[in-house]
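# Close look at the chain arrangement
Listed below are the residues making up each chain.
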Amino acid sequence: MLSKKEKKLIKEIWERLTPVAEEIGSDALLRMFTSYPGTKTYFSHLDISPGSTHLNSHGKKIVLAIAEGAKDISQLTVTLAPLQTLHAYQLRIDPTNFKLLSHCMLVTLACYLGEEFTPVAHAAMDKYLSAFAAVLSEKYR
């Protein structure tokens, strides 16, 4: 699926973004909540307004999980196993939302990275985030 070069590129991008995980993650979540309002239902017990502690905290968790998975993409299923169980059995998140968030994350990355988010980086990241979403959805089958 991903070449060695693409895996290396993805790993480097996420290593670079880890220090701004809260900013990247909260922006992607806000984009998702705005573009797909139905996704807010899973967060009705939290304050998800722009700049809120809950939004920033959850955004950071998401980016750190994505970055952790990028360290060894070949082990993505193992790395994400606890999150698979949490989202499928405890939180009961509609797996379609993982795809929606992946799309919003791509837009956020394009905005944040600008010209550095080349077509090659975009394509590689799209493949990775699609794989990430697919792995999170595996427990639903």
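The rules behind each value
- Residues numbered from 1 in each chain as written.
- Predicted model: local features only at pLDDT ≥ 70, side-chain atom pairs only at ≥ 80, totals over all residues.
- Heavy atoms only, no water.
- UniProt positions renumbered as here; feature names shortened; annotations may be inferred.
- Helix = DSSP H or I, 4+ residues; strand = E, 2+ residues; numbered from the N terminus.
- Buried < 20%, exposed > 50% of the residue type's maximum accessible area, 1.4 Å probe, protein only.
- Contact = heavy atoms within 4.5 Å.
- Polar contact = N/O pair within 3.5 Å; in protein donor to acceptor, adjacent residues only side chain to side chain.
- Expected span 1.5 Å × (residues − 1).
- Phe/Tyr/Trp six-rings, centres within 6.5 Å; stacked < 30°, edge-to-face > 60°.
- Salt bridge = Lys/Arg side-chain N within 4 Å of Asp/Glu carboxyl O.
- Axes fitted to C-alpha atoms, helices over the stretch in contact; angles between N-to-C directions.
- Parallel < 35°, antiparallel > 145°, perpendicular 65-115°, else oblique.
- Nonpolar A, V, L, I, M, F, W, Y, C, P; charged D, E, K, R; others polar.

An unreviewed UniProt entry lists the protein under the name Hemoglobin alpha embryonic-4, with Cyprinodon variegatus as the source organism. Heading Sequence similarities (unreviewed entry) of the UniProt record for the protein holds this comment: "Belongs to the globin family."

So, on to the overall build of the protein. Assigned secondary structure in the protein consists of six helices and zero strands. The linear arrangement of helices and strands in the protein, starting from the amino end, is α-α-α-α-α-α. Out of the 141 residues belonging to the protein, those deemed buried represent 41%. Sequence-distant contacts, at least 24 apart, represent 79% of the contacts inside the protein between residues at least 6 apart.

The next point concerns the side chain of T39. Along the chain, T39 turns up in the loop between α2 (21–35) and α3 (53–71). One polar contact links the side chain of T39 to the main-chain carbonyl oxygen of Y36, over a distance of 2.7 Å. Contact partners of T39, with chain neighbours within four places excluded, come to M32, F33, N97 and L100.

In this model helix α1 (residues 4–17) runs 20 Å from its N-terminal to its C-terminal C-alpha over 14 residues, within 8% of the 20 Å that 1.5 Å per residue would give. Of the surrounding elements, those touching the buried residues of α1 are α2, α3, α5 (96–113) and α6 (119–137).

With that out of the way, let us pick up the packing of aromatic side chains. Summed over all chains, the structure comprises one aromatic pair. Ring geometry for Y128 and F132: centres 6.1 Å apart, planes at 65°, overall edge-to-face. Of this pair, Y128 and F132 both sit in helix α6, four residues apart, roughly one helical turn. Accessibility assignment for this pair places Y128 and F132 in one class, buried.

On to the pattern of salt bridges, then. Inspection of every chain in the model, using the stated rule, returns five salt bridges. Among the ionic pairs, K127 bridges to E6, the shortest N-O distance being 2.9 Å. Taken together, the positions of K127 in helix α6 and E6 in helix α1 put the pair 121 residues apart, joining distant regions of the chain. Overall, the relative accessible area of 31% leaves K127 in the partly exposed class. For E6, a relative accessible area of 15% translates into the label buried.

Another point: the side chain of S102. With respect to the helices and strands, the residue S102 is situated in helix α5. Among the polar contacts made by the side chain of S102, one reaches the main-chain carbonyl oxygen of F98 at a distance of 2.9 Å. Excluding its chain neighbours within four sequence positions, the residues that come into contact with S102 are L129 and A133.

Glancing now at α3. Each α-helix winds once per 3.6 residues, and so residues spaced three or four apart point in a common direction. The end-to-end C-alpha distance of α3, which contains 19 residues, comes to 27 Å, matching closely the 27 Å that a straight helix rising 1.5 Å per residue would cover. Burial in α3 covers these residues: L55, N56, G59, I62, V63, A65, I66, A67, G69 and A70.

For the pair α2 and α3, the least separation of the axes is 7 Å and the interaxial angle reads 105°. Accordingly, the angle class assigned to the pair α2 and α3 is roughly perpendicular. Residues A21, E22, I24, G25, S26, L29, L30 and F33 of α2 form the contact with α3, whose participating residues are L55, N56, H58, G59, K60, I62, V63 and L64. Residue composition of the contact of α2 with α3, grouped by class: nine nonpolar, five polar and two charged.

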